[in-house]
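# Structure at a glance
Here are the chains, one letter per residue:
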Amino acid sequence: MRGASFNAIGSVARKEFLHIVRDRRVLLLLLILPPVFTIIFGHAFEVGEPKNVPALLVNRDNTERTQRFVDLLHSSKTFAWREPSAKAKGPEDLLGNGVQATIIIPSGWSESLANGDPTPLQLFLDGSDTNTAQALEGSVQKTLGDFQMNERQYMIDALPQEVFDMAKKLPVEVRKQFVSAMEPWKENSTVLYNPHSRFIEYVLPGVIGLILQLITVTLMACTIAREREAGTLFQLMVTALRRREIVIGKIIPYLAVSLVLIVMIMFLTAWHFHVRFSHPAMLAVVCFLFLLCSLGLGLVISAISKTQTQAIQFSVFFLLPVFVLSGAFAPVEQLPAAIRYIAEVFPLTHFCRAFRLVNMYHAPLSYYAPSLIVLSLGAVLTFVGASFLLRRIEQ
């Protein structure tokens with residue numbers, strides 16, 4: 001009996017696998033798009049801090065001190081300095097100048113520093129991207145702080161010898177206070193879990209999960225709908241095959257192909273982006289459960305769809321909120337509390353969480369066990385749901 005069940009599942013799987021091999025469009029989708037998307041997404045998220053951001057520098061205070069500040073700005077890799085555009089209405093016209101930031105050094109700035117009443121710099125930032133605007137402002141503030149420390153050293157070096165002689169007469173405790181106040185205070189910071197601060201290390205689970213879910217859900221959603229359109233679904237239902245045998249048989253080919261794609265994507269990211277993977281056995285478990293859940297969702301969508309077009313539409317409606325709410329590119333904890341509950345429904349949310357806990361945090365099983373349980377329950381529920389829907393089709 002068990003051998004007959006395996007033979008039945010194998011026959012359905014063989015039929016589905018032959019369809020994948022014979023459909024060149026599906027083969028192209030499976031073999032070309034995953035590595036291409038991995039390279040494109042990887043380069044898009046490879047750099048965490050902005051570099052070579054187009055910017056405009058307007059110096060209205062041509063003094064020696066100001067030039068030292070300008071030299072510091074030019075040494076920064078954050079900005080790529082451009083000349084003002086003749087079409088722009090002024091330096092604050094970022095769009096007209098084709099820049100994302102403008103720094104204006106006002107006239108008399110150097111003199112105001114010497115008088116002890118410094119005039120603020122004018123900084124115009126493109127706020128359409130809030131993350132970039134904050135990073136650019138932080139870069140300018142850091143450069144300004146470095147310049148201030150350098151100028152403090154210039155001032156100390158320019159003091160007459162009499163000042164140093166008088167300083168020697170001060171009590172030791174007072175001199176130590178002055179020395180501490182004149183030197184920059186520092187902190188010993190240690191970056192844990194992602195010591196090189198590479199953003200791609202954080203978003204990698206999202207890239208892998210989105211590519212796999214896009215392919216598995218979409219292709220799996222078309223399986224039963226394709227049989228229905230071709231008129232072979234009823235013939236399949238009246239055979240001696242059980243519903244669970246049909247479900248498992250249709251999933252096996254896509255599961256095998258998806259596992260190959262995971263190996264391909266991980267090898268590509270390790271070779272091209274130098275990403276290290278830890279605890280491969282546990283990562284394999286996380287990926288396997290996620291694939292089962294995704295394939296089950298695709299099968300449910302396929303069972304409720306009458307045509308392949310309808311199946312693809314349902315898949316798109318499901319995948320759209322997943323892109324935003326799954327925590328693939330930003331922590332779920334940053335979402336409002338009500339939306340966070342919705343995010344917990346998506347398998348990709350638990351996949352990203354478990355993948356990061358294993359690969360980046362090297363966390364013990366107790367930390368990501370809830371995510372594995374949710375993925376396992378999701379796989380079971382979707383398979384049972386697909387079998388139930390097939391039973392209703394038969395009736």
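Above this text you will find the structure in question.
What counts and what doesn't
- Residues numbered from 1 in each chain as written.
- Predicted model: local features only at pLDDT ≥ 70, side-chain atom pairs only at ≥ 80, totals over all residues.
- Heavy atoms only, no water.
- Patch = residues over 30% accessible without salt bridge, like charges linked within 9 Å, V, L, I, M, F, W, Y side chains within 5 Å.
- Areas by Shrake-Rupley, 256 points an atom, 1.4 Å probe, with all protein chains shown as cover.
- Salt bridge = Lys/Arg side-chain N within 4 Å of Asp/Glu carboxyl O.
- Helix = DSSP H or I, 4+ residues; strand = E, 2+ residues; numbered from the N terminus.
- Pairing = 2+ DSSP bridges.
- Axes fitted to C-alpha atoms, helices over the stretch in contact; angles between N-to-C directions.
- Contact = heavy atoms within 4.5 Å.
- Phe/Tyr/Trp six-rings, centres within 6.5 Å; stacked < 30°, edge-to-face > 60°.
- Buried < 20%, exposed > 50% of the residue type's maximum accessible area, 1.4 Å probe, protein only.

### Brief notes about a nonpolar patch on the surface
On the surface, I304, I312, F314, V316, F317 and L320 cluster together into a nonpolar patch covering about 560 Å² of accessible area. Ranked by the residues each element gives to the nonpolar patch, the list is headed by helix α14 (residues 308-325), at five residues. Secondary-structure assignment places F317 in helix α14.

### Here's the deal with the sheet that holds strand β3 (residues 101-105)
An order of β2-β1-β3-β4 is seen for the four strands of this open sheet, with the pairing classed as mixed. The open sheet has two free edges, formed respectively by β2 (79-82) and β4 (122-125), since each of these has just one partner strand. Taken pair by pair, the neighbouring strands of this sheet meet at an average axis angle of 25 degrees, ignoring direction. In this structure, strand β1 (residues 53-59) lies alongside β3, joined through five bridges in parallel fashion. The partner of V58 across the bridge, within β3, is I104. Sitting on the sheet, helix α4 (residues 64-75) is in contact with β1, β2 and β3, with an inclination near 175 degrees to β1.

### With respect to the packing of aromatic side chains
Considering all chains together, one arrives at ten aromatic pairs under this definition. Seen from their ring centres, F69 and W109 are 5.3 Å apart, and the 45 degrees between their planes marks the pair as tilted. Of this pair, F69 sits in helix α4 while W109 is found in helix α6 (residues 109-114), placing the two residues 40 residues apart along the sequence. With respect to class, F69 is no different from W109; both count as buried. Consider the rings of F290 and F351, whose centres lie 4.4 Å apart with planes at 25 degrees: the pair is stacked. Of the two residues, F290 is situated in helix α13 (residues 280-304) and F351 in helix α16 (residues 347-359); the sequence distance between them amounts to 61 residues. Residue F290 is classed as buried on the basis of its relative accessible area, which comes to 0%. The class for F351 is buried, based on a relative accessible area of 0%. One aromatic cluster in this structure is built from F277, F290, F351 and F355.

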